[in-house]
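A closer look at the structure
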Amino acid sequence: MMARRPLIAGNWKMNGLKADGEALAKALAAKLKASPPAVDMLVCPPATLVDRVAQAVAGSALAVGGQDCHAEKSGAHTGDVAAVMLKDLGASHVIVGHSERRADHGETSADVRAKAAAAHAAGLVAIICLGETEAERDGGRTLAVVESQFAESLPEGASPDNTVIAYEPVWAIGTGRTPTLAEVAEVHRTIRDLAAKALGKDAAGRLRILYGGSMKPSNAKELLALEDVDGGLIGGASLKVEDFWAIAQSA
Ligand code: PEP
């Protein structure tokens, strides 16, 4: 089996002012320097802090990413941020299609695909999020939803070098609830199979597929031990240095 280096990514969402964001990032960078774990680590602060955090951790192994980007490079899009602007600040990654964007801003998979393409054009790795709602899971539609979101959100030119997939069941985000290990394994295996059809078997074997949704120190080890789980996208628990670090240590 192809070895995939896990990615432990923190999504800070709309949290953090200058001082606490910088302190959190610096503390993580210091830990990474003192005892480098066998994983890649990434933090995605709010857009207001990308510049500051990128500067604070420059030269360390901690990568910095955005939480969203616009599909265009520039123009009349008040309040939006272009992928190339994030790149300009020192970001290497950007999350696209997070369920909070899909729900709060009506983003469709077509929008997500255009954003991911913009991320690639800017030289960023796109972390494409997908996952079912509770009603979809209860209705037995999880795999069908994931399949259509995957097909519709993945842009031309996607590869394991510029794309990461995050499976995030919407009902597990910020709720403390998680699917069973068997359910997570089933969805990740399905995504790997879809990737093999879309990108070829070799590329699919190198693609990182993260799990997200109430991952915390107490459940990270068993989730990260699943064969097709190549890391985590972590919201709440990424805001505490000790918790985020403990998750990285368990990968
Ligand atoms: C997320 O926002 O991507 C997420 C997984 O959040 P939480 O870990 O808080 O459930």
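The shown structure was predicted, so the numbers you read here are calculated from the model rather than taken from an experiment. (Residues numbered from 1 in each chain as written. Predicted model: local features only at pLDDT ≥ 70, side-chain atom pairs only at ≥ 80, totals over all residues.)

1. Quick word on the confidence of the model for the protein
Per-chain confidence: the protein averages 97 in pLDDT, with 99% of residues scoring 70 or above. Of all secondary-structure elements in the protein, the lowest mean pLDDT belongs to helix α4 (residues 99-104), at 96, while strand β4 (residues 93-96) reaches the highest, 99. Here the predicted complex carries an ipTM of 0.98, next to a pTM of 0.98. (pLDDT = per-residue confidence, 0-100. Helix = DSSP H or I, 4+ residues; strand = E, 2+ residues; numbered from the N terminus.)

2. Some details on unusual backbone geometry
One non-glycine residue, K13, lies in positive phi territory at about 55°. Inspection of the secondary structure puts K13 in the loop between β1 (7-11) and α1 (18-34). Backbone geometry places S214, a non-glycine residue, at a positive phi of 55°. As for its position among the elements, S214 is in the loop between β7 (208-212) and α10 (217-224). Residue S214 is classed as buried on the basis of its C-beta count, with 22 C-beta atoms lying within 10 Å. (Buried ≥ 20, exposed ≤ 12 C-beta atoms within 10 Å, placed from the backbone.)

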